[in-house]
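Observations on the model geometry
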Amino acid sequence: MNWKRYHRQIIIPFFGEEGQKRLEKARVIVIGAGGLGSPVITYLAAAGVGRIGVVDHDKVEVTNLNRQTIHAGRTGENKAISAVKYIHQLNPEIEAVAYPFMLSPDNILEIFRDWDVVVSCVDSMRLRYLINDACFLLKKPMIHAAVFETEGEAITFTYQNGSPCYRCIYPRAIEHETPGIFGFTAGFFGTIQAAETIKLLSEFGDILEGRMIRVDLASMEWYEIKVRQRDNCELCSGKIREINPERYGHI
Ligand SMILES: [Zn+2]
């Protein structure tokens, strides 16, 4: 492998060749190739993450293009397939796998088994519960972000060290209508997700374990919220032991 491409990150003392080798061996699956998924996919591929999976059943529409920058010129194509084309263009040295269908209670465990880290870039709470539960059961770290207009949140769930899960924070689903969103908001939080993934894989820095950051890019107010495991969390208390399709309703 030609590491010249990664020179500027290899010269960072706490990353180095060791960090690069860890990225090269890593397998990361990104759920959703939309506004958050675009920067996640861009920075993971450019950094040399060895294998990247992309799950998305949707087609690229013109209304996506204010934020979904990886799909330029591919309106009408499936987003997972378009993302893989983009990855191959950006970095032909890495492997990319498209899952051009919907993630469901029936296929999620089978799909996640082959990957080290899951990055959740979806916009449905029911789907986030499904991803959270599958990652908890498989003990795979999951990096979450959600965005709305100029605001967003991000946190990393390791499902270790007594840390909380997504259900600990949001015990009940709140359904939103299609929200307005600026491209920069998705770009900002997707970039945080890429940073969290790379720190987790190459073991440097401090990840957002047990702390959620919230930022409003309009007022430029930043918050860090400490989050703990909730005593009666259905997942962390062991009540949920398998993926039961009835629990997730219509995703
Ligand atoms: Zn929990």
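Notes on the structure follow. Every value quoted in this text rests on a predicted model; they were computed, and no experiment measured them. (Residues numbered from 1 in each chain as written. Predicted model: local features only at pLDDT ≥ 70, side-chain atom pairs only at ≥ 80, totals over all residues. Heavy atoms only, no water.)

1. With respect to the coordination of the zinc ion
- At this site the zinc ion is bound by Cys165 (SG), Cys168 (SG), Cys233 (SG) and Cys236 (SG), with donor distances of 2.3 to 2.4 Å.
- Each of the 4 donor atoms around the zinc ion contributes to a set of angles spanning 101 to 117°, which defines the coordination as tetrahedral.
- Each donor residue of the zinc ion belongs to the same chain, with the gaps between them written as C-x2-C-x64-C-x2-C. With Cys168 in helix 7 (residues 166-169) and Cys233 in the segment after strand 8 (221-226), the pair connects residues that are 65 residues apart, well separated along the chain. Neither residue differs from the other here; Cys168 and Cys233 are each classed as buried. (Donors = N, O, S within 2.8 Å, 3.2 Å for Na, K, Ca; no water. Tetrahedral: all angles 85-135°; square planar, octahedral: opposite > 155°, others 65-115°. Helix = DSSP H or I, 4+ residues; strand = E, 2+ residues; numbered from the N terminus. Buried < 20%, exposed > 50% of the residue type's maximum accessible area, 1.4 Å probe, protein only.)

2. Notes on the sheet that holds strand 1 (residues 27-31)
- With mixed pairing, the 8 strands of this open sheet are ordered in space as 3-2-1-4-5-6-7-8. The outermost strands of the open sheet, each flanked by one partner alone, are strand 3 (95-99) and strand 8. This sheet shows a mean twist of 15° between the axes of neighbouring strands, independent of strand direction.
- In this structure, strand 6 (residues 151-157) lies alongside strand 7 (residues 211-216), joined through 4 bridges in antiparallel fashion. Residue pairing across strands places Ala154 opposite Ile213, the latter belonging to strand 7.
- Seen against the sheet, helix 3 (residues 37-47) touches strand 1, strand 2 (51-55) and strand 4 (117-120) and runs at an angle of roughly 165° to strand 1.
- Lying on the sheet, helix 6 (residues 125-138) is in contact with strand 1, strand 4 and strand 5 (142-148); it crosses strand 5 at an angle near 165°. (Pairing = 2+ DSSP bridges. Axes fitted to C-alpha atoms, helices over the stretch in contact; angles between N-to-C directions. Contact = heavy atoms within 4.5 Å.)

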